[in-house]
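# Report on the structure
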Amino acid sequence: DLELKRVPQGGAGSALRVRDLAGEPGARGASGTYAKASETLEAELWLSGIRPASFSGLDPALAPLKALNLPLAGVVRAKGNLAGALDSLSFDLSGGSGVLELPAPVGITRKVESVALRGQASDGLKRARLDELSVDFGTMRLGLAAALDRQGGATQVKLDAQLHNVLVDDLHESWPPQ
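The paragraphs below set out a description of the structure included in this document. (Residues numbered from 1 in each chain as written. Predicted model: local features only at pLDDT ≥ 70, side-chain atom pairs only at ≥ 80, totals over all residues. Heavy atoms only, no water.)

### Comments concerning the nonpolar core
- Counting 10 residues, the largest nonpolar core consists of L70, L72, L100, V112, V115, L130, L133, V135, F137 and M140.
- Considering each element in turn, this core owes the most residues, 3 residues, to strand β11 (residues 127-136).
- Aside from chain neighbours lying at most four places away, what touches V135 is L100, V112, S114, V115, M140, R141 and L142. (Core = buried A, V, L, I, M, F, W, Y, C linked by side-chain atoms within 4.5 Å. Buried < 20%, exposed > 50% of the residue type's maximum accessible area, 1.4 Å probe, protein only. Helix = DSSP H or I, 4+ residues; strand = E, 2+ residues; numbered from the N terminus. Contact = heavy atoms within 4.5 Å.)

Dropping the structure here:
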C-alpha cells in the first residue's frame, strides 16, 4: 500500500509492505512529511520480523548485514532537509533469537536469545548517544551505552560496557581468536 497526499503545509505519505522473506513473515512501514516553509523532511520507518542478514547478498554494500542473522522489530526516525543534510536520527529496535556473527578482526559467532538497541544522533549528527545495546546470549548478557560529541573540532567518546553472568569455563568462547 502506498499513499501520497498534498497537505497545506507541504506533503505527506505512507507505505506498508508485508511479505515473506526467506520463509519468515516480515513487514515494513514508512511515513513521512515535508514542511514547505522550512524545507524540512521527517520520516519514520517501522520494521517487524525483518532479518538483516537476508539482505546481505543483494549488494556488496549490504554485506555487513550478514552479522545480524536474527529478526528485528522497531522504529527508526529521521529529520533532514532537501539539500540532503540529516539533522537528527533516532532508533529503537529489538531482536529475537538468532545468530550474531562478528567478522574479523573480532571473529566471533554466537547464538543470541535477544537484542535491544536504542539511541539517537542530533545536531547534524555531531552528537550521538547509544542509550542501550543489550545482547542476551542465554546465560551471559552484554550491556553497552556510549556517547559521542564532535563539537569545537574535538571528539569526545564515553563508553560504558558490562558483562553479566560470565562463566569462567565459557570465557574462551567469547574471546576473539588470535
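Next comes the rest of the description.
### Focus: the environment of G138
- Relative to the assigned elements, G138 resides in the loop between β11 and β12 (141-149).
- Along the primary structure G138 and A104 are separated by 34 residues, whereas in three dimensions their C-alpha atoms are 23 Å apart.

### Observations regarding the layout of surface pockets
- The computed volume of the second largest pocket comes to approximately 160 Å³.
- What lines the second largest pocket is a set of 15 residues, and nearest its centre among them are E42, A43, R77, A78 and K79.
- Those elements that place two or more of their residues in the lining of the second largest pocket are β3 (24-35), β4 (40-50), β6 (72-81), β7 (86-95) and β10 (114-122). (1 Å grid on protein atoms, 1.4 Å probe; cavity = no way out; pocket = protein on both sides within 12 Å on 5 of 7 lines; lining within 4 Å. Points joined across faces, edges and corners; volume = space filled by probe spheres on them.)

### Let's talk about the pairing of β10
- Pairing of β7 with β10, which is carried by 7 bridges, proceeds in the antiparallel orientation. Its bridge partner lying in β10, G95 is registered against V115.
- Note: β10 against β11, 9 bridges, orientation antiparallel. Within β11, the position partnered with S122 by the bridge is R127.
- Following β10, the chain reverses through 4 residues before pairing antiparallel with β11; D123 in that reversal takes a positive phi of roughly 55 degrees. (Pairing = 2+ DSSP bridges.)

### Concerning the sheet that holds strand β5 (residues 68-69)
- Read from one edge to the other, the open sheet built from 3 strands follows the order β5-β8-β9, with strand pairing classed as antiparallel. Single-partner strands in this sheet number two, and they are β5 and β9 (108-112).

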